[in-house]
Amino acid sequence: MIKSELVQRIAEHNPHLYQRDVENIVNAILDEIVAALARGDRVELRGFGAFSVKHRPARAGRNPRTGAHVPVDQKSVPFFKTGKEMRERLNRDSGAPDTGA
């Protein structure tokens, strides 16, 4: 699902809201999540999951085409961990037995 499809679905479930208002709300939520991550904060949405930032140190990489070693700068990457409720719903709906591992 892409953002425009999400906006469309939310607008369909809430006919009292204009689609442009739903789009503004979705954009505001996503902008706040991005801003919090940029500040180094963790964003937790109970039952859904948690967004955080992981820092990767600088390292020596390798160009796959030439085999030459190249320096790779340190970077921060977004990380998402699903919430317990979401994992349980996904596993329950899949019909696969839960092995507990």
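What counts and what doesn't
- Every chain's residues receive numbers from 1 upward, in the order its sequence appears when written.
- It should be noted that, the model being predicted, local features are given only for residues of pLDDT at least 70 and side-chain atom pairs only at 80 or more, the latter also being counted only at that level, while totals for whole chains, interfaces and linings use all residues.
- Note that water and hydrogens are dropped before the side-chain values are worked out from all heavy atoms of the structure.
- UniProt positions are given in the numbering used here, feature names are shortened, and annotations may be inferred rather than shown by experiment.
- A carboxyl oxygen of Asp or Glu within 4 Å of a side-chain nitrogen of Lys or Arg is what we treat as a salt bridge.
- Think of it in three bands: with a 1.4 Å probe and only protein chains considered, a residue is buried below 20% of the maximum accessible area for its type, exposed above 50%, and partly exposed in between.
- Here a Phe, Tyr or Trp ring, Trp counted by its six-membered ring, pairs with any other such ring whose centre lies within 6.5 Å, and the pair is stacked when the planes are under 30 degrees apart, edge-to-face when over 60, and tilted otherwise.
- For the purposes of this entry, the term helix denotes a DSSP run of H or I that reaches at least four residues, the term strand denotes a run of E that reaches at least two, and both are numbered from the N terminus.
- Source of the domain bounds: an automatic or database domain assignment.
- In this analysis, two residues are considered to be in contact whenever any of their non-hydrogen atoms come within 4.5 Å of each other.
- Buried area is a sum: the accessible area each of two parts loses on coming together, probed at 1.4 Å, counted once for each and added.
- Any two strands between which DSSP finds at least two bridges are classified as paired.
- Fitted lines through C-alpha atoms serve as axes, helices being fitted only where they are in contact, and the angles separating the N-to-C directions of these axes extend from 0 to 180 degrees.

The chain carries the name Integration host factor subunit beta in an unreviewed UniProt entry, which gives Rhodopseudomonas rhenobacensis as its organism. Recorded in UniProt under Subunit (unreviewed entry), the annotation for the chain is "Heterodimer of an alpha and a beta chain." Taken from UniProt, the Function (unreviewed entry) comment for the chain reads in full: "This protein is one of the two subunits of integration host factor, a specific DNA-binding protein that functions in genetic recombination as well as in transcriptional and translational control."

### Digging into the pattern of salt bridges
Considering all chains together, one arrives at three salt bridges under this definition. Across the pair Glu-44 and Arg-42 runs a salt bridge whose closest N-O atoms are separated by 2.9 Å. We classify Glu-44 as partly exposed; its relative accessible area is 40%.

### Points about the packing of aromatic side chains
Enumeration according to the criterion identifies two aromatic pairs in this entry. For the ring pair Phe-48 and Phe-80, a centre distance of 5.4 Å and an interplane angle of 50° mean the geometry is tilted. Note that Phe-48 is positioned in the loop between strand 1 (43–45) and strand 2 (49–56) and Phe-80 in strand 5 (residues 75–82), a separation of 32 residues in sequence. On the accessibility criterion, Phe-48 (37% relative accessible area) is partly exposed. Of the residues examined, Phe-80 reaches a relative accessible area of 32% and is grouped as partly exposed. Plain terms: the ring middles of Phe-51 and Phe-80 are 4.8 Å apart, the flat faces sit at 45° to each other, and that makes the pair tilted. With Phe-51 in strand 2 and Phe-80 in strand 5, the pair connects residues that are 29 residues apart, well separated along the chain.

### Section: the domain arrangement of the chain
Domain annotation for the chain reports domain 1 (1–40) and domain 2 (42–92). Relative to domain 2, the C-alpha centre of domain 1 lies at a distance of 23 Å. With four residues of domain 1 in contact, the opposing surface of domain 2 contributes five residues. Of the roughly 420 Å² buried between domain 1 and domain 2, counting both surfaces, carbon and sulfur atoms make up 86%. Joining domain 1 to domain 2, the criterion identifies zero salt bridges.

### Points about the sheet that holds strand 5
Strand order in the open sheet formed by three strands is 1-2-5, and the pairing between neighbours is antiparallel. Either end of the sheet is taken by a strand with one partner, and the two such strands are strand 1 and strand 5. On average, adjacent strands in this sheet sit at an angle of 25° to one another, irrespective of strand direction. Here strand 1 runs beside strand 2; their pairing, made up of three bridges, is antiparallel. Bridge pairing in strand 2 links Glu-44 to Ala-50. Packing against the sheet, helix 2 (residues 19–38) makes contact with strand 1 and strand 2, and its axis sits at approximately 40° to strand 2.

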